[in-house]
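Topology and contacts: notes
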Amino acid sequence: MIRLGVNIDHVATVRQARRGREPEPVAAAVLASLGGADGITVHLREDRRHIQDRDLPLLRQVIDRRLNLELAAVDEIVAIACTVKPDEATLVPERREEVTTEGGLDLVANEHNVRAAVERLLQAGIEVSLFIDPDPRQIATAARLGAGAVEIHTGRYSEATAGADVERELANLATAAALAHEHGLHVHMGHGLNYVNVRAIATIPHVEELNIGHSIVSRAVLVGMERAVREMKVAMG
């Protein structure tokens, strides 16, 4: 069955709205685990808009599931990752002006910087995934850089509304998953997935993991984190 990584960034977003102590992301991670999450995903941004440095060692100590740290390929954050030692580090693009991640990391244009980050993380014993668009050049570059996995950006699929557009983007994702698998990469997907559109994604061959945050946290506000995660697992299954 496909693994579910629950991204708890937006629990921290609510906390940071008042620079307070609640809600506690670590508690959310525990509840997500109780609800059936296979892993916990967090993004330590350079601007620290949600997850904070203090959250990472606490998560590492408390949760008993895989910890996936999303990060930009910059020295400061890579150094933190090498200290905390998450199970996996997913390199993502990052812009201060963006509301959320707007697309995949351009490995072709940023190969030098990404290579340095990948090598440093691997030397620290951390598995590496690269968040990329469903593009053959990006997939081939990811394999050449030595990453063990790619997380394929599902944003265009999630934003499509017309039936033909949805089918086209779903086909692009399936083609990308097959190509990544041929390159020996583990295949993850994420961005914009919800309780409805996740069903088709979960049928794509070779997909091993989905990372979902905003939809689950939004649902958890109404029904609680454990139930929200359980319902997503059902939708995926």
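Residues numbered from 1 in each chain as written. Predicted model: local features only at pLDDT ≥ 70, side-chain atom pairs only at ≥ 80, totals over all residues. Heavy atoms only, no water.

Concerning the pairing of strand 7 (residues 186-190)
So the rule is basically this: Categorising residues by exposure relies on relative accessible area from a 1.4 Å probe, with only protein chains included: less than 20% of the type maximum marks a residue as buried, more than 50% marks it as exposed, and the intermediate range marks it as partly exposed. Numbering of helices and strands starts at the N terminus; helices are DSSP runs of H or I of at least 4 residues and strands are runs of E of at least 2. Any two strands with at least two DSSP-identified bridges between them are counted as paired.
The element strand 7 is extensively covered by neighbouring structure, given that four of its five residues are classed as buried. Sheet topology places strand 6 (residues 149-153) next to strand 7; five bridges connect them, and they run parallel. Residue pairing for strand 7: Glu-151 is matched across the bridge by His-188. For strand 7 and strand 8 (residues 207-212), the ladder comprises four bridges, and the chain directions are parallel. Residue Val-187 lies in a different strand from strand 8, and its bridge partner there is Val-207.

Structural notes on the packing of helix 5 (residues 111-123) against helix 6 (residues 136-145)
To describe two helices that pack against each other, one gives the angle between their axes and the distance between the axes. The line we're drawing: To obtain an axis, a line is fitted to C-alpha atoms, over the contacting stretch when the element is a helix, and the angle between two such axes runs from 0 to 180 degrees between their N-to-C directions. Oblique is the label for every angle not falling under 35 degrees (roughly parallel), over 145 degrees (roughly antiparallel), or within 65 to 115 degrees (roughly perpendicular). For any pair of crossing helices, the crossing counts as left-handed if the nearer helix is rotated counterclockwise from the farther one by less than a right angle, and right-handed if it is rotated clockwise. For this analysis, residues touch if any pair of their heavy atoms sits within 4.5 Å. Amino acids are sorted into nonpolar (Ala, Val, Leu, Ile, Met, Phe, Trp, Tyr, Cys and Pro), charged (Asp, Glu, Lys and Arg) and polar (every other residue, Gly among them).
Orientation of helix 5 relative to helix 6, taken along the N-to-C sense of each, is 40°, at an axis distance of 10 Å. Overall, the two elements helix 5 and helix 6 adopt an arrangement that is oblique. The handedness of the crossing between helix 5 and helix 6 is right-handed. Along its contact with helix 5, which presents Glu-111, Val-114, Arg-115 and Val-118, the element helix 6 presents Thr-141, Arg-144 and Leu-145. Taken together, the residues that form the contact of helix 5 with helix 6 break down as three nonpolar, one polar and three charged.

Looking at empty space enclosed by the protein
Operational definition: With a 1 Å grid spanning the protein atoms alone, the term cavity applies to any set of points in which a 1.4 Å probe fits but cannot get out, the term pocket to an open set with protein on both sides within 12 Å along at least five of seven lines, and the term lining residue to any residue with an atom within 4 Å of a point. Grid points are joined across faces, edges and corners, and a volume is the space filled by probe spheres set on the points.
The full count for this structure, using the stated rule, is two cavities of 30 Å³ or more. As a volume, the largest cavity reaches approximately 70 Å³. If you trace the largest cavity, you find it lined by Arg-3, Leu-4, Gly-5, Asp-38, Gly-39, Ile-40, Thr-41, Arg-66, Asn-68, Glu-88, Glu-209 and Asn-211. Of all the secondary structure elements, the ones that give two or more residues to the lining of the largest cavity are strand 1 (3-7), strand 2 (39-43), strand 3 (66-71) and strand 8. By volume, the second largest cavity amounts to about 40 Å³. Taken together, Pro-134, His-153, Thr-154, Gly-155, Arg-156, Tyr-157, Glu-169 and Leu-173 make up the lining of the second largest cavity. If you tally residues by element for the lining of the second largest cavity, the top one is helix 7 (residues 155-159), at three residues.

Digging into a nonpolar patch on the surface
Short version of the rule: A patch consists of residues whose relative accessible area exceeds 30% and which take part in no salt bridge; residues with like charges are grouped when within 9 Å of each other, and nonpolar side chains (Val, Leu, Ile, Met, Phe, Trp, Tyr) when within 5 Å. For accessible areas, the Shrake-Rupley method is used with a probe of radius 1.4 Å. Any residue's cover is judged against the shown protein chains and nothing else. The working definition used for a salt bridge is a side-chain nitrogen of Lys or Arg within 4 Å of a carboxyl oxygen of Asp or Glu.
A cluster of nonpolar side chains, Val-30, Leu-31, Leu-34 and Val-62, forms an exposed patch at the surface whose accessible area comes to about 320 Å². The greatest single-element share of the nonpolar patch, amounting to three residues, is contributed by helix 2 (residues 25-34). Here Val-62 shows up in helix 3 (residues 55-62).

Considering the packing of helix 4 (residues 75-84) against helix 5
Taken N-terminus to C-terminus, the directions of helix 4 and helix 5 make an angle of 15°; their axes are 9 Å apart at the nearest point. Here helix 5 runs roughly parallel to helix 4, going by the angle between their axes. Handedness of the helix 4/helix 5 crossing: right-handed. Residue-level contacts link Asp-75, Val-78, Ala-79, Ala-81 and Cys-82 of helix 4 to Ala-117, Arg-120 and Leu-121 of helix 5. Its residues placed into classes, the contact of helix 4 with helix 5 shows six nonpolar, no polar and two charged.

Quick word on the side chain of Glu-94
The test is simple: Working convention for charge: Lys and Arg count positive, Asp and Glu count negative, and His plus the chain ends are omitted. What qualifies as a polar contact is a pair of N or O atoms within 3.5 Å, subject to a donor-acceptor requirement within protein and to the restriction that residues adjacent in sequence count only when both atoms come from side chains.
Tracing the backbone through its elements, the reader meets Glu-94 in the loop between strand 4 (88-91) and helix 5. Although Glu-94 is buried, it makes no salt bridge; Arg-45 carries the closest opposite charge, 4.4 Å away. In terms of polar contacts, Glu-94 uses its side chain to reach the side chain of His-43, at 2.9 Å. Side-chain polar atoms of Glu-94 contact the backbone nitrogen of Glu-46, separated by 2.7 Å. What Glu-94 contacts, discounting residues up to four positions off in sequence, is His-43, Leu-44, Arg-45, Glu-46, Asp-47 and Ala-72.

Points about the side chain of Asp-9
Summarising the element assignment, Asp-9 is placed in helix 1 (residues 9-17). For the buried residue Asp-9, which engages in no salt bridge, the nearest side chain bearing the opposite charge is Arg-45, 7.5 Å off. Looking at Asp-9, its side chain comes within polar contact range of the main-chain nitrogen of His-43, at 2.9 Å. Setting aside residues no more than four positions away along its own chain, Asp-9 makes contact with Thr-41, Val-42, His-43, His-50, Ile-51 and Glu-70.

Interpretation note: all reported values are geometric properties and have no functional meaning in isolation.
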